[in-house]
Amino acid sequence: MAKWVCVVCAYVYDPAQGDYDSGIAPGTAFLDLPDDWVCPLCGVGKDQFEEVE
């Protein structure tokens, strides 16, 4: 699964780790995150993330 980076603060969402503090289980793909999920560091929405190649 691809990693995604926040273009505002450079936080990297790694699907292998999920987002424990937001209740996102490891193995959750970025595209499967809830629509209201926000960056845990700066609070921007999913639309401010880009896929890392």
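Our subject in this report is the structure included herewith.

### Overview of the environment of glutamine 17
In this structure, glutamine 17 sits in the loop between strand S2 (12-13) and strand S3 (49-52). Classification of glutamine 17 as exposed rests on a relative accessible area of 58%. Here the alpha-carbon distance between glutamine 17 and aspartate 35, two residues 18 residues apart in the chain, equals 19 Å.

### A few points about the packing of aromatic side chains
Summed over the entire model, instances satisfying the criterion amount to 7 aromatic pairs. On the numbers, 6.1 Å between centres and 85° between planes, the contact of phenylalanine 30 with tryptophan 37 is edge-to-face. For phenylalanine 30, a relative accessible area of 4% corresponds to the buried category. Three or more aromatic residues joined by ring pairs make a cluster, and in this case those are Trp4, Tyr11, Tyr13, Phe30, Trp37 and Phe49. A cation sits over an aromatic face here: lysine 46 above phenylalanine 30, 5.5 Å from the ring centre.

Conventions we followed
- Residues numbered from 1 in each chain as written.
- Predicted model: local features only at pLDDT ≥ 70, side-chain atom pairs only at ≥ 80, totals over all residues.
- Heavy atoms only, no water.
- Helix = DSSP H or I, 4+ residues; strand = E, 2+ residues; numbered from the N terminus.
- Buried < 20%, exposed > 50% of the residue type's maximum accessible area, 1.4 Å probe, protein only.
- Phe/Tyr/Trp six-rings, centres within 6.5 Å; stacked < 30°, edge-to-face > 60°.
- Lys NZ or Arg CZ within 6 Å of the ring centre and 35° of its normal.

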